[in-house]
Amino acid sequence: MSKTLDKKHPNNSHQEEVNYITVDYTMKSWFITKDHKRIGMLYLATVLVFFFVGSVAAGFVRFELTSPTGQILESETFNRMFTAHGVVMIFFFLLIAIPAVLGNFFLPLMLGARDLAFPKLNLLSYYLYLGGGLFGVVALVSGGVDTGWTFYTPLSSMYSNSQVVLTITAAFITGFSSIATAVNFIVTIHKMRAPGLTWFRLPLFVWAHYATSIIILLGTPVVAITLALVAVERLFHIGVFSPEYGGDPVLFQHMFWFYSHPAVYIMILPAMGVVSEIIACFARNRVFGYEFIAASSLAIGGLGFLVWGHHMFASGESYFQAAFFSLMTSLVAIPSAIKVFNWAATLYKGMIYLTTPMAYAIGFLGLFVIGGLTGLYCSNLGVDVHLTGTYFIVAHFHYVMVGGTIMALLAGIHFWWPKMTGRMYPEIWGKIGMLVIFSGFHMTFMPQFILGFLGMPRRYHYYHFAPEFQAYNVFSTAGAGVLAIGFMIPVVYLLLSLKHGAKAPANPWNAKGLEWEKTDRVPITHNFREIPVVTEEAYNYSIDDEPPIEAKYTKFGAVMEEKS
Amino acid sequence: MKELKFSPTQATEYATRHDVLFYALTALVVLFTVLVGVAVLYLMIKYRASNKNVDRTKRIHHHLGIEIAWTVIPTILALIIFFWGLLLFKEVKTPDKDSSDIYVIGKQWMWQFQHPNGIRENNELHVPVGRPVKITMISQDVIHSLYIPQFRVQFYTLPGRYTSMHFTPNVVGKFNIFCSMHCGADHSKMGGYIHVLSPSDYTKWLENGGNRFSKNSESMIKSGLKTFAKNGCSNCHGGADTYRAPSLHGLIGRKRKMNDGRVVIADEAYIRESILTPYNNVVEGYEQIMPVYDLSEGEVLELVEYIKSLSRAPSMFEENEKVYKNTRNHVKNISNSGEINLEMRVDSGVSQSSVQQVQHVSEQN
């Protein structure tokens, strides 16, 4: 893809390597690091802890719902469980996961930069996130919240008898972490591209993160203000949202969704970036319609700010207001469709290797297509008046956010794991894990579409008055069990791979991109020994490229033969 | 466990039309999913790396024609679906002119239904089959959402503001009422049933006084009139405009010009706001002298129903002789059959409030 100034390839030394991990083993060196790669790893460890917490809460919710009268929890506890699940998963996992882990780690590597533009700000953003997360944990332990992650007023501002203010503070602080990361990304992408790396030579992963950062920057302050106003109303009874004090209860929803709908694109755009990288690599093909995929990211970012009112079709919005939001929402589906078609077209005349990352990327396509298309129901005025507030919505956004974001996160982690840790994981377990997650996911959420159509409202604790809901709920819970096992598989073998994994070569997939071609086996602290010069477009794959590493070399303890 | 159900009962004509769109969308979604799925699987298998006997020359990475095609075709489909949904939404937002009113107060965690004839029900609602119903609702505390899946409609029940929904059940039966907006600890308790009764059963139900608590319930208009008198509203709001206050006769549906220049159509929400926060809506030419009254949402609803009734009679006399005749007949029936029927609205085609007005007028004559 590009030429370094000196011809000596940096990957040939077999002495004790010095890389970003081995450079210093002390705890202190990790916790005050300014290295974007180490910060990315800190983020990875932290988001996984939150993912675990959120999953346990989800487990309780699913278990309760297997019986029409609930199982072991009181309704109040049940409400705290689904709220904990939503708050933790969205504010402390999904919004953070791909940008702060993979984005942090690979953006500078893809750009040919030695670090992000503001390394100290990057570290600060991690600690803001950690601080916010700790506030969240304190809120959870000291009683939890029962308003749902959406904090609708006046329930949250006046009526709820739970830790609303603490939780809002947690989300508020985490918001600043996102803003800091976004600023860092935008400046880095603008100012720190390697010589020759023009805008249209950027990997689509970078474009996706660029669009995401703009959304974060424009949207997050709005939700921060909104949540602060809820706290102000709750603490000082200053009327903003509560009609009792002259406020407007629906105003909150407008302000909240003005951010929180684009937030869905914060979760999904980076995922799309990851998938673009992986499909191109394992199809050994240039991404079809590069400009269209890049432009559709920006289009999603722009249109995404004009659709928030579709959450309130049943709120009594006026006919024309609802019509506008419905139209815009129908249109925002188009750029997503364009991306899917372009990915599929990338496979045409490809040299396709079905490795674990590729399997996850294809799995992403399968789930995202269903998630995206079911969004059409929710965008549709006529149909949404029946479906809003039901399990149909729950199923839809889980297909997009879990199906989309988590599949892509796993795809990305499996793709870049060798670069991040220098180790391989066993291919066979990778594929088994993917299959279990993929099928568990459908088992969990497919029945929820039918539940929603039948009319089961979300956030109901029991439903003995509608026994026809039970079969689907039991099935869904069984699926959640499969899903849980599925998530454990990669966690186990990836952790084991840290110790037992085969040593990964510098470019096990023979992928294109500065992060693969111009760095050491595991990158050094400042990434590149020489700043690379880019002379070619992204994804300059050909069918004559070397194949990816063979599966037998990915087993635990396998040793790769020396290549000359 | 019951046998598996895949779709809820269609208990209104609207539900049937809704489901046509729902299934059309489903067909479209399945078609696209299968299309993408088959295309991806086919390409994955055909161009698998181990398959060397396949033409991989002349790869293309850009094709404007294809890009335009797969932008334009989905856009057209999305627009068709959008307009189809818009038509349904228009229907769901536009109540029939001759709907009978039902008022709803939502509170943590119950639904209170109030029929204009004074019958109150908690978490249960009885309506006759085939008659359009318009529901006007308000919440006493947090946001709720009144949801009847078999009718395919739900709307928020907001604190501080009326919202409405309407439906015409065409199937006799018992259907679920849900609250589809999380409203606190016992959210899932906030449900009940709507009983759609045949006309004869509905008559019987009405004759029994509708509920088990009191047989002689007072109509909302009567209660409203009492509240109106008790609070001294009639001191200023009389049969004609005075220098102190405009008359409330013929108010509903009329355009009102405010002294800050706004033009507002007087609906239920306007009346409620004018009662509770009179300083926000001062009609042009008047001073803000009306005090603020501390009334419960239930009392306000009764006042609204009373003030609405003041509008119905005159227009009826002036514009619709046919209704007038029906009403006269109805009044005759009523006077023949005693007090309880006065509160009834069975199949007369005329709202009960007009009946009272007619009676009022005939007394004057």
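Within each chain, residue numbers correspond to sequence positions counted from 1 in written order. To read the labels, note that chains go from A and ligands from 1, taken in the order they are written. Whole-chain, interface and lining totals are the exception, using all residues; otherwise, since this is a predicted model, local features are given only for residues with pLDDT of at least 70 and side-chain atom pairs are given and counted only at 80 or more. Only hydrogens and water are removed before side-chain values are computed, so all heavy atoms of the structure are retained for them.

### Some details on the overall build of chain B
Moving on, step 1. A tally of helices and strands in chain B yields nine helices and 12 strands.
Moving on, step 2. The cut-offs for exposure are 20% and 50% of the maximum accessible area for each residue type, with area from a 1.4 Å probe on protein chains only; residues under the lower value are buried, those over the upper are exposed, and the others partly exposed. For chain B, buried positions account for 52% of its 365 residues.
Moving on, step 3. Any two residues whose heavy atoms approach within 4.5 Å are treated as being in contact. Partitioning the intrachain contacts of chain B with sequence separation of at least 6 by distance along the chain shows that 64% fall at a separation of at least 24.
Moving on, step 4. For the accessible areas, the method is Shrake-Rupley and the probe is 1.4 Å, while residue cover comes only from the protein chains on display. Taken as a whole, chain B presents about 17600 Å² of accessible surface, with 56% of it coming from carbon and sulfur. Each helix is a run of DSSP H or I of at least 4 residues and each strand a run of E of at least 2, with the numbering of both proceeding from the N terminus.

### Observations concerning the sheet that holds strand E10 (residues 192-197) of chain B
Pairing between the strands of a sheet comes from backbone hydrogen bonds, and it takes one of two forms, parallel or antiparallel.
Residues and elements named next belong to chain B.
Moving on, step 1. If you trace the five strands from one edge of the open sheet to the other, you get E4-E10-E9-E6-E7, paired in mixed fashion. Each edge of the open sheet is held by one strand with a lone partner, namely strand E4 (124-128) and strand E7 (153-157). Neighbour to neighbour, the strand axes of the sheet diverge by 20 degrees on average, direction disregarded.
Moving on, step 2. By the convention used here, strands pair only if DSSP detects at least 2 bridges between them. Across two bridges, the pairing between strand E6 (residues 144-148) and strand E9 (residues 173-179) is antiparallel. Think of each axis as a best-fit line through the C-alpha atoms, taken over the contacting stretch in the case of a helix, with angles from 0 to 180 degrees between the N-to-C directions.

### Here we look at the packing of helix H2 (residues 36-64) of chain A against helix H13 (residues 391-421) of chain A
All names here are of chain A.
Moving on, step 1. Running from N to C, H2 and H13 cross one another at 150 degrees; their axes reach a closest spacing of 14 Å. Remark: the crossing between H2 and H13 carries left-handed chirality. Contacts between H2 and H13 involve Met 41, Leu 44, Phe 51 and Arg 62 on the former and, on the latter, Tyr 391, Ile 406, Ile 413, Trp 417, Met 420 and Thr 421.
Moving on, step 2. Within the contact of H2 with H13, the residues separate by chemical class into eight nonpolar, one polar and one charged. The handedness criterion is simple: a crossing whose near helix is rotated anticlockwise from the far helix by less than a right angle is left-handed, and one whose near helix is rotated clockwise is right-handed. The classification used treats Ala, Val, Leu, Ile, Met, Phe, Trp, Tyr, Cys and Pro as nonpolar, Asp, Glu, Lys and Arg as charged, and all other residues, Gly among them, as polar.

### Regarding the pattern of salt bridges
All names here are of chain B.
Moving on, step 1. Any carboxyl oxygen of Asp or Glu within 4 Å of a side-chain nitrogen of Lys or Arg constitutes a salt bridge here. Counted according to the given criterion, the structure contains 21 salt bridges over all chains.
Moving on, step 2. Salt-bridge contacts for Asp 19 lead to Arg 152; the nearest nitrogen and oxygen are separated by 2.6 Å. Here Asp 19, found in helix H1 (residues 13-46), pairs with Arg 152, found in the loop between E6 and E7; they are 133 residues apart in sequence, far enough to count as distant.
Moving on, step 3. Under the relative-accessibility criterion, Asp 19 is labelled buried at 2%.

### Observations concerning the interface of chain B and chain A
It is common to give the size of an interface as the accessible area lost on bringing the parts into contact.
Moving on, step 1. Listed by partner, the interface residues are 85 residues for chain B and 98 residues for chain A.
Moving on, step 2. Put simply, buried area is the surface a 1.4 Å probe can reach on two separate parts but cannot reach once they are joined, added for both. Roughly 7800 Å² of surface becomes buried between chain B and chain A when both sides are summed, with 69% attributable to carbon and sulfur atoms.
Moving on, step 3. The tally of links from chain B across to chain A stands at three salt bridges.
Moving on, step 4. Residue Lys349(A) pairs with Asp55(B) through a salt bridge whose shortest N-O separation is 3.6 Å.
Moving on, step 5. Any N or O atom pair separated by 3.5 Å or less is treated as a polar contact, with the protein-specific requirement of one donor-capable and one acceptor-capable atom, and with residues adjacent in sequence counted only for side-chain atom pairs. Counting every contact that joins chain B to chain A gives 32 residue pairs in polar contact (both at pLDDT 80 or more).
Moving on, step 6. For the side of chain B that touches chain A, the secondary structure elements donating two or more residues are H1, helix H2 (64-93), E7 and E9 of chain B.
Moving on, step 7. Residue classes in the side of chain B that touches chain A are distributed as 46 nonpolar, 22 polar and 17 charged.

### Looking at the domain arrangement of chain B
All names here are of chain B.
Moving on, step 1. Boundaries of every domain are those given by an automatic assignment or by a domain database. For chain B, the domain assignment lists domain 1 (1-48 + 95-199) and domain 2 (220-364).
Moving on, step 2. On the side of domain 2, 19 residues touch domain 1, which itself brings 21 residues to the contact.
Moving on, step 3. Taking both partners together, domain 1 and domain 2 bury about 1700 Å²; carbon and sulfur atoms supply 52% of that area.
Moving on, step 4. The largest share of the area that domain 1 buries against domain 2 comes from Tyr 103, Pro 116 and Tyr 162, three residues that together contribute 39% of it.
Moving on, step 5. Viewed at the interface, domain 2 and domain 1 are joined by three salt bridges.
Moving on, step 6. Linking Glu 268 and Lys 134 is a salt bridge whose minimum nitrogen-to-oxygen distance equals 3.2 Å.
Moving on, step 7. Viewed at the interface, domain 2 and domain 1 are joined by seven residue pairs in polar contact (both at pLDDT 80 or more).
Moving on, step 8. For the side of domain 1 that touches domain 2, the residue count by class is seven nonpolar, nine polar and five charged.

### Some remarks on the sheet that holds strand E8 (residues 163-167) of chain B
Residues and elements named next belong to chain B.
Moving on, step 1. With mixed pairing, five strands are arranged side by side in an open sheet as E3-E2-E1-E5-E8. Pairing within the sheet leaves two strands with one partner each, and these edge strands are strand E3 (120-122) and E8. Neighbour-to-neighbour, the strand axes of the sheet open up by a mean angle of 25 degrees, direction not taken into account.

### Structural notes on the pairing of E4(B)
Residue and element names in this part refer to chain B.
Moving on, step 1. With four of five residues buried, E4 is to be regarded as a mostly interior element.
Moving on, step 2. Relative to E10, E4 is paired through five bridges, and the arrangement is parallel. Its bridge partner being in E10, Pro 128 is matched across the sheet by Leu 197.

### Considerations on unusual backbone geometry
Moving on, step 1. With an omega dihedral of -5 degrees, the bond running from Thr153(A) to Pro154(A) counts as a cis peptide bond.
Moving on, step 2. Position of Pro154(A) relative to the elements: it lies in the loop between helix H4 (119-141) and helix H5 (155-159).
Moving on, step 3. Of the consecutive residues Gln108(B) and Trp109(B), the connecting peptide bond is found in the cis state with omega at -5 degrees.
Moving on, step 4. Among the secondary structure elements, Trp109(B) is positioned in the loop between strand E1 (100-107) and strand E2 (110-114).
Moving on, step 5. Positioned with a positive phi, Asn527(A) is a non-glycine residue whose angle comes to about 75 degrees.
Moving on, step 6. Relative to the helices and strands, Asn527(A) resides in the loop between helix H16 (514-517) and strand E2 (533-534).
Moving on, step 7. A positive phi is found at Arg152(B), a non-glycine position, where the angle reads about 60 degrees.

### A look at the nonpolar core
Moving on, step 1. Remark: nonpolar core denotes a set of buried residues (Ala, Val, Leu, Ile, Met, Phe, Trp, Tyr, Cys) joined through side-chain atoms within 4.5 Å. In this structure, Leu102(A), Phe364(A), Trp416(A), Met420(A), Trp509(A) and Ile135(B) are the most contacted members of the largest nonpolar core, which totals 249 residues.
Moving on, step 2. Examining the composition of this core, we find that 23 residues originate from one element, helix H3 (residues 75-111) of chain A, more than from any other.
Moving on, step 3. For Phe364(A), the residues in contact, after removing those within four places along its chain, are Ile268(A), Ala271(A), Met272(A), Val275(A), Trp343(A), Gly403(A), Gly404(A), Met407(A) and Ala408(A).

### Considering the packing of aromatic side chains
Moving on, step 1. Note on aromatic contacts: the rings of Phe and Tyr and the six-membered ring of Trp form a pair at centre separations within 6.5 Å, being stacked when their planes are under 30 degrees apart, edge-to-face when over 60 apart, and tilted otherwise. The final tally for this structure, using the stated rule, is 66 aromatic pairs over all chains.
Moving on, step 2. Ring geometry for Phe364(A) versus Phe368(A): centroids 5.4 Å apart, planes at 5 degrees, classification stacked. Taken as a pair, Phe364(A) and Phe368(A) lie in helix H11 (residues 356-379) at a separation of four residues, close to a single helical turn. Per residue, the accessibility class of Phe364(A) equals that of Phe368(A), and both read buried.
Moving on, step 3. A network of ring pairs unites the aromatic residues Tyr20(A), Phe105(A), Phe106(A), Phe205(A), Phe282(A), Phe415(A), Trp416(A), Trp509(A) and Trp516(A) as a single cluster.
Moving on, step 4. Definition used: whenever NZ (Lys) or CZ (Arg) falls within 6 Å of the ring centre and also within 35 degrees of the ring normal, the charge is taken to sit over that ring. Seen from the ring of Trp30(A), Arg38(A) lies directly overhead, with NZ or CZ sitting 4.2 Å from the centre.
Moving on, step 5. In this structure, Lys90(B) is placed above the aromatic ring of Tyr319(A), and the distance from its NZ or CZ to the ring centre is 4.9 Å.

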